[in-house]
Structure formats: C-alpha cells, structure tokens
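The residues making up each chain are set out below.
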Amino acid sequence: MNLLVIAYGNPSRMDDGAGHYILNRLNEAWGLPLVDLLGEPGEDTVAVDGHRVRTMWVQQLDMGLAEDCAQVDRVLFLDAHVDDVGLVIAPVTDPSGLGLTSHVLTAATVLALAGSAYGHRPEGFRCTVRGERFDFADELTPDTLRRCQTMTERLLAGALAPEGPSLEPAGDA
Amino acid sequence: MAKHYEIEPVTRIEGHAKITCVVSDEGKVEQARFHVVEFRGFEKFCEGRHFSEMPTLTERICGICPVSHHLASAKAIDILANTKPTRTAALLRELMHMGQIFQSHALSFFHLSSPDLLLGPDSDPALRNVVGLARNFPDATVAAVKARKWGQEIIAAIGGRKIHPNCAVPGGMAAGISRERGAELLAEKTQHLDTILLGIDLLMGWCKQNPDVVQRFARFSSYFGGLVGPKGELELYDGDFRISDPHGKVAVDQFNPQDYLNIIGERVESWTTLKFPYYKPAGYPDGAYRVGPLGRLNNIDSIPTPRAQAEYERWKSFCNEDGVQEGTLFYHYARLIEAIYAAERIEQILSGDEVYGPDLMAQTPGTLSHRGVGVIEAPRGTLWHDYTIDDNGALTNVNLIVSTGQNNSAMCKSVELVAQEFVDGKNVTEGMLNRMEMAIRAHDPCLSCSTHAVGQMPILIEMYDEQGGLMQRIAR
C-alpha cells in the first residue's frame, strides 16, 4: 500500500498543533525524521512492513496536494477540531457543494480534485482530535495531548491495515 | 414594501464580507452595498515593536500575498535604516515578487473566477468551483495547478518556503539562489507561460459567446492608480506613482510615494470596516480610483517585455475612444497579461548573472530616519506600508493601505450596477446573486489583507423586509 499522511495546522497556536504532534509521533515510530516546530513544513518517505509511507506537514491544505493524493492508495488527514467529540476517525466523503476559497481547502475537496483532475481519488480518513485552546503558545493542553497520544496508538495499529484505522474501541480517551 | 437581500459571506474571496440589496415592490434594485465586516487591528498592535520585525510580522496578514507585504515592509525599513539594497538583492526581491504575481494571478483566474465563466454563472453551485472545472477541463486545471506551483516554488527557492517566506532584511536579502535552482525553474517557464496563453484563449472564447454580458457587466468610469517606471511602463516592484483620470489622461505622474498623503485621502463609512481611499484633488467620491490589473493597464503606456506588450496592444483594441477599458470583467484579461509579464521577467532575471551575485546586503550606516514608506504593486494593486519610529527604532505609527481598500469604491459600484442590470427582485435566482459575487471576484479582493481578518464561511443569502424581518434564507 502507498500511504500518505498529511498533518496541517499551526503549532504556534496551542492545540491547533495537534496534527503536527501526532505526525511526529508517527514519524518516530516509522523511523522518519521529525519535523521541526520552527522549520519549514517538511515531508519524507520510508518503507514500513512492505508498505510505502510518506508523511508531510503543511500549513494549510491547498490544491497542489491533489497531485500528491492521486499517487497513493490511502490518505490520512491529521488536524484538530472544535466539535464536542474527543476523537474522530472517519472516511472522507465527497464535498457537500460549498463554494471554495483558496486559503482553506477541505480534505474532501482535495480528494475530489485528485479524482477529477488526476483520475484517481484515493481512500481518505479524517483523523482529528478535539482542541481546547488556540492561543499563542507552542504547547498542547493536557486533554488534547492525551487525545493525540491515543490517536497515535490507533493510527499505528490501523493506518496500514486493509480496513484502515478505526475508532474502536470506542471512547473519548 | 421594499425587500432587503443579503449575500453573506461572499465565497471564493479571502475573508468575510456580505452583499446587501434593497429591492422595491416593483422588483427594482434600489441600493446594493458590499460590506466588509471583519476587523483585526494590525496597525495598532504593531505599535511599540522594533521596525526591523515588520517584514516578518506584516506578512502574516495574508497567506496569499505574504510576499507583497514582506517586500513593501522591507522597502519601508530600508528607508528607516538609511540603506538601499544591492543590485543582487533588488533582483532577488523582484524575482520573488514575480513568482508571487504569477501564482496569485493563476490562482485567481483559473481556480476562483474561471468556474463562473467557463461553467456559467447559472450552473449548479455545488460544481461551480475548481472540482467542477477539473471535470470539464481536466487538462487546463492540471496545467493551472502546476503553473501556480511554479510561482510558489520560485518564492520558496529564495525565501525558504512557499508561504510566509522570511528573507528580506534592511539593505538586502538574507539568502540568494543557486544557479542550479535557477536553471531548473527557468526550464519550466515556457510550459507555464503556455498555460496563461491557454487561459486567454478560454477567456476570449467566452467573451465571443457572451458579448452582451461583457458589454453590460459593471462598466463605469473612474480614476486609475499604480506605480509606473520612468517611461510610464508597467512596473510592479518599484517605480513612482501615477494616477490617470477617467479619460485616460495622466492626472499626476512620477509622484514620490513618500509623499502619498498629499494626494491620497481615506474616507470612513459607517456600514463597513473597509475604508475608501480617494485621489484628494478630485475629492470624495469622484476621486475614487481603481488599482490592480485593470487599474494598472489603464494607467501605463507600455509593458517592457515582448509577449506581454503584444497582448497589451491587443488589449488596447478593446478600449474606448479614450484608450480606457471600463469593463469590470476585463480585470481577468488584464490579470493574465500581467502573468505573462511576470513569466517574462522571471526569465530575464534568471537568465542574467546579477541575481546569482554574492553581494546580498548593503552596509547600513547605523543611523535611523524616523519615517519610511514602502510601496509595491501587489497582485491586487498598490500596497502602501508607512512606518514612523522613535529614536530607539520602536514603531509609533503604522499605516497600511492595501489594494483591496483602494478598490472598495469600485467593488461597491460594480455590485450595484450588476444588481440593477441582472437582478429581478420579484424572481431572485441563485444565478442572479452569483453575478454580484462575480463582480466582487473580478477584483480578486483579499479581505484578510484589507481588514487583516482571517477565515471563511459558507455562503448564506438572506432576504429581509424594510423593517429588518427575515423573509427568505438561501444557503449553499
């Protein structure tokens, strides 16, 4: 399997850095270099158990990512969210018809564009944790940090599994 | 009883806005306004910071044109530090700026505005976007994605990253570009220039099929403003300021940007947080001027690169007897012509030796001036950064006049004209309302820049009666 993991958000805005944190824990586990908080958003590729894994951290999703997505079988989108639920691992569905801006593309739009422009829409999962605070600081709140650790465990267990990552066992963690 | 329509916020522009429409019982639009409802106060919270931080701070205003803010700010702090960039540094800055112009213009036309034109303003709004565009024009969409990426790669090659590069310092640049990287980027130029030419073909094809819309869509007279070179040529990085009157005659020329407050005033209206800049000698509102691609091409005498000049001469054939193009939809054509110019300038700079020179930074004398005004032609128009500092270099006053603000009057006028021309108040359709959005999008506004706001929301259209009661709501 070709897996692409895209983390996005701003690690300088506390829990908005959840995706960045999870990505680095995955990078540690997979033997990939860590992405520096102050450095340029980066990417790297490695072989894991016969699979090809590529990870990247970007500041925002944009249409240029569609080409990257079209080259893989599965994409995981790592981010924080503000809904009540603690953890979300859910398939990325088709966009719901909103107009687009260039600043903020959704994972759904990126994958739809991969399909319509490049001919291959990969399977996608939105993997997000609830953020508590988004002020100016480069640390996660304790609750979000705990959720990130749980999310990391779930992704290490299921990211490369045929059925994909799962929220089971259920629970906020 | 008059009805009141709102479109909030406008989609596919950067930042928050709404359009309101008051419609009479007879179904005629009596008034239409473009409101900007966000405020961030960037100018205020920069006070007290050291001036040397400003290129890094102010580029955070925007994720689309951070290079423009970075460089306008750098030019201001050059003046404060009593220094001038070396030739190599000036070329590096201009090269990065051309990358910015190219990627922003490609994004604006292909991904934000062309769905309205190529898929039609009445087409399914769920598909009237870049995904729908890709389904109908896959090759052009892919080429446009690659073209935008090229511009971003040029920015990253100099500034270290595509968004929020950090490289300009007083008197120069902190890093240069290698010949190897320059050669790689240069090799892609023809391919991406061809994409822009394809965009012009698509636009011209649409115009031929819709001559009535082109003629009726928000055509009005105004002043025009922007930087020009010493011979009145297009100049996007440096130069002096020129304003032309509604008949194409030069009203003020080679004006030193440091003295801009002598000719530019700003008006505040209670119903929007976005100010209304105007040309002082003509007063307000008559002195409202348009900036950006349409403003610039109506304000210059020539373009100093061959392919863009040829297209500019074709552009003139669409102008009125005064040589002026008043049609709002022609912003798109002007934008593509400027993208050609940017590609040609990129080629010129990367083909030369000077940009690869080792002398990246000029000496600074160690003394400070107390006021510096940096100005640049951002993708959306003239961008002013005006700083005042104390003896320690701490900022005591900051004034930013951004492109979108200078087009505020034009956007309001465009919306009103389109509403009066295309909206039937007795039978309002989504396509009619989208035409008002098209008038806004033609200016490619960046409300994040103009009010320094962030974020975006789905579109919501609401209709009120004269007393403010909600009559109808349309969401998509």
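Going by the structure above, here's the rest.
Here's a quick rundown of the structure.

Scoring rules and cut-offs
Residues numbered from 1 in each chain as written. Chains lettered and ligands numbered in written order. Predicted model: local features only at pLDDT ≥ 70, side-chain atom pairs only at ≥ 80, totals over all residues. Heavy atoms only, no water. Axes fitted to C-alpha atoms, helices over the stretch in contact; angles between N-to-C directions. Helix = DSSP H or I, 4+ residues; strand = E, 2+ residues; numbered from the N terminus. Parallel < 35°, antiparallel > 145°, perpendicular 65-115°, else oblique. Left-handed = near helix turned anticlockwise from the far one by under 90°. Contact = heavy atoms within 4.5 Å. Nonpolar A, V, L, I, M, F, W, Y, C, P; charged D, E, K, R; others polar. Buried < 20%, exposed > 50% of the residue type's maximum accessible area, 1.4 Å probe, protein only. Pairing = 2+ DSSP bridges.

### A look at the packing of helix 11 (residues 306–316) of chain B against helix 12 (residues 330–351) of chain B
Residue and element names in this part refer to chain B. Helix 12 packs onto helix 11 with a crossing angle of 160° between their chain directions and a minimal axis gap of 8 Å. Regarding the angle of helix 11 to helix 12, the classification is roughly antiparallel. The handedness of the crossing between helix 11 and helix 12 comes out as left-handed. Seen from helix 11, the contacting residues are Pro 306, Arg 307, Ala 308, Glu 311, Tyr 312, Arg 314 and Trp 315; seen from helix 12, they are Phe 330, Tyr 333, Ala 334, Ile 337, Ile 340, Tyr 341 and Glu 344. Residues that form the contact of helix 11 with helix 12 fall into these classes: ten nonpolar, no polar and four charged.

### Looking at unusual backbone geometry
In the segment running from Tyr284(B) into Pro285(B), the intervening peptide bond is cis, with an omega of 10°. Residue position: Pro285(B) is located in the loop between strand 10 (276–279) and strand 11 (289–290). We note that Met14(A) has phi near 50°; this positive angle belongs to a residue other than glycine. Looking at the secondary structure, you find Met14(A) in the loop between strand 1 (2–8) and helix 1 (18–30). Classification of Met14(A) as buried rests on a relative accessible area of 5%. One non-glycine residue, Ala218(B), lies in the positive phi region at around 45°. Here Ala218(B) lies in the loop between helix 9 (211–216) and strand 6 (223–228). Exposure remark for Ala218(B): the relative accessible area of 0% places this residue in the buried category.

### With respect to the sheet that holds strand 2 (residues 43–48) of chain A
Residues and elements named next belong to chain A. Taken together, six strands build an open sheet; the order of strands is 2-3-1-4-6-5 and the sheet is mixed. Each of the sheet's edge strands pairs with one partner strand only, and the pair in question is strand 2 and strand 5 (87–91). The sheet shows a mean angle of 15° between the axes of neighbouring strands, direction not considered. Bridge analysis of strand 1 against strand 3 (residues 51–58) gives seven bridges, and the strand direction is parallel. Across the sheet, Tyr 8 pairs through a bridge with Val 58, a residue of strand 3. Strands in contact with helix 4 (residues 142–158) are strand 4 (74–81), strand 5 and strand 6 (123–130); relative to strand 6, the strand with the most contacts, it is inclined by about 155°.

### Looking at the environment of Thr364(B)
Residue and element names in this part refer to chain B. Position of Thr 364 relative to the elements: it lies in the loop between helix 12 and strand 12 (371–378). You can call Thr 364 partly exposed: its relative accessible area is 42%. Placed 193 residues apart in sequence, Thr 364 and Gly 171 show a C-alpha to C-alpha distance of 6.9 Å. With residues near it in sequence (within four places) discarded, Thr 364 still touches Ala 81, Thr 83 and Pro 170.

Such coordinate-based values are descriptive only and should not be taken to indicate function.
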